[in-house]
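For reference, the chains in residue letters:
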Amino acid sequence: MVWDDLDTPIGTLRIYSSEDGITRIDFPNEEHLQCLRSTNSFIADCKEQLKLYFEGHLKEFSVKLDLEGTDFQKSVWRELMKIPYGFYATYGEIARRIGKPNASRAVGNALNKNPIPIIIPCHRVIGSDMTLKGFAGGLNVKSLLLQHEGIAFKK
C-alpha cells in the first residue's frame, strides 16, 4: 500500500492505494495508516479527479476503487455512489433502496466505516429530520461539501 497527500479547500486529504485501486481517503483530523509514501497511477488519477471536483469541473468520479468491507457495507457504498452530485438522500431512503427498510442505523454504521469519502459520497446522506448527522471529516466539512454541490443545510 502507498499513499500521497492532496491539498484541498477542506484541508489536506491523504489518499491510499493498493496495486488494485484506491483503498482509503483520510481527512486531516483522522489518524493515518503507516505505509510507504509514494504514488501510482490510481493515486495520480484520484488526485486529478478530486482537484477537478473541488474546482467545480467534475460531478461524477471514475476512480478505480479497491474496497474492503462486508457485503452489507459494500451494498450501502454502491448505493451512495448512485446519489448524483447536488442531491441527497436520508439514511432511511438508502436502507429502503438496498432492500433493508428497517436498517437505517446499520446504514449509518456502514457510512461511518466508509473508507473513501467524497468519492463514495457519504456527505450526501442526511437525517430524516433534514439535518446533518455525523461525518468523519466533521459536520463543518460535510456542510462545506454540500454547499460546494449547491445544497445548504443547517447543522
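Residues numbered from 1 in each chain as written. Predicted model: local features only at pLDDT ≥ 70, side-chain atom pairs only at ≥ 80, totals over all residues. Heavy atoms only, no water.

(A) Layout of the pairing of strand 1 (residues 2-8). Burial runs high along strand 1: 6 of the 7 residues are buried. The antiparallel pairing of strand 1 with strand 2 (residues 11-17) creates a hairpin that spans 2 residues between the two strands. (Buried < 20%, exposed > 50% of the residue type's maximum accessible area, 1.4 Å probe, protein only. Helix = DSSP H or I, 4+ residues; strand = E, 2+ residues; numbered from the N terminus. Pairing = 2+ DSSP bridges.)

(B) Inspection of the environment of Pro 84 at higher detail. Looking at the secondary structure, you find Pro 84 in the loop between helix 2 (71-80) and strand 5 (89-90). The class for Pro 84 is partly exposed, based on a relative accessible area of 44%. Taking the C-alpha atoms as reference, Pro 84 lies 7.6 Å from Glu 60; in sequence the two are 24 residues apart.

(C) Geometry of the domain arrangement of the chain. Per the domain assignment, the segments making up the chain are domain 1 (2-55) and domain 2 (71-149). Between the C-alpha centres of domain 1 and domain 2 there is a distance of 20 Å. Contacts between domain 1 and domain 2 engage 13 residues on the former and 15 residues on the latter. Surface buried jointly by domain 1 and domain 2 totals about 1,200 Å² across both partners, of which 73% is contributed by carbon and sulfur atoms. At the surface where domain 1 touches domain 2, the tally comes to 0 salt bridges. Across the contact surface, domain 1 and domain 2 share 3 residue pairs in polar contact (both at pLDDT 80 or more). For the side of domain 1 that touches domain 2, the secondary-structure elements that each account for two or more residues are strand 3 (22-26) and helix 1 (41-54). The residue inventory of the side of domain 1 that touches domain 2, partitioned by class, reads 9 nonpolar, 2 polar and 2 charged. (Domains from an automatic or database assignment. Contact = heavy atoms within 4.5 Å. Buried area = accessible area lost by both parts, 1.4 Å probe. Salt bridge = Lys/Arg side-chain N within 4 Å of Asp/Glu carboxyl O. Polar contact = N/O pair within 3.5 Å; in protein donor to acceptor, adjacent residues only side chain to side chain. Nonpolar A, V, L, I, M, F, W, Y, C, P; charged D, E, K, R; others polar.)

(D) Region of interest: the UniProt feature "active site" (unreviewed entry) in the chain. The positions that UniProt labels "active site" (unreviewed entry) are, in the present scheme, Cys 122. Judged by its relative accessible area of 7%, Cys 122 is buried. Setting aside its immediate chain neighbours within four residues, Cys 122 contacts Leu 80, Leu 111, Asn 114, Pro 117, Phe 135 and Lys 142. (UniProt positions renumbered as here; feature names shortened; annotations may be inferred.)

(E) View of helix 1. Spanning 14 residues, helix 1 covers 20 Å between terminal C-alpha atoms, matching the ideal 20 Å at 1.5 Å per step. Restricting attention to buried positions, one finds in helix 1 the residues Ile 43, Cys 46, Lys 47, Gln 49, Leu 50, Tyr 53 and Phe 54. Where the residues of helix 1 are buried, they touch strand 1, strand 2, strand 3 and helix 5 (139-148). Phi turns positive one or two residues past the end of helix 1, at Gly 56, with a value near 85°. (Expected span 1.5 Å × (residues − 1).)

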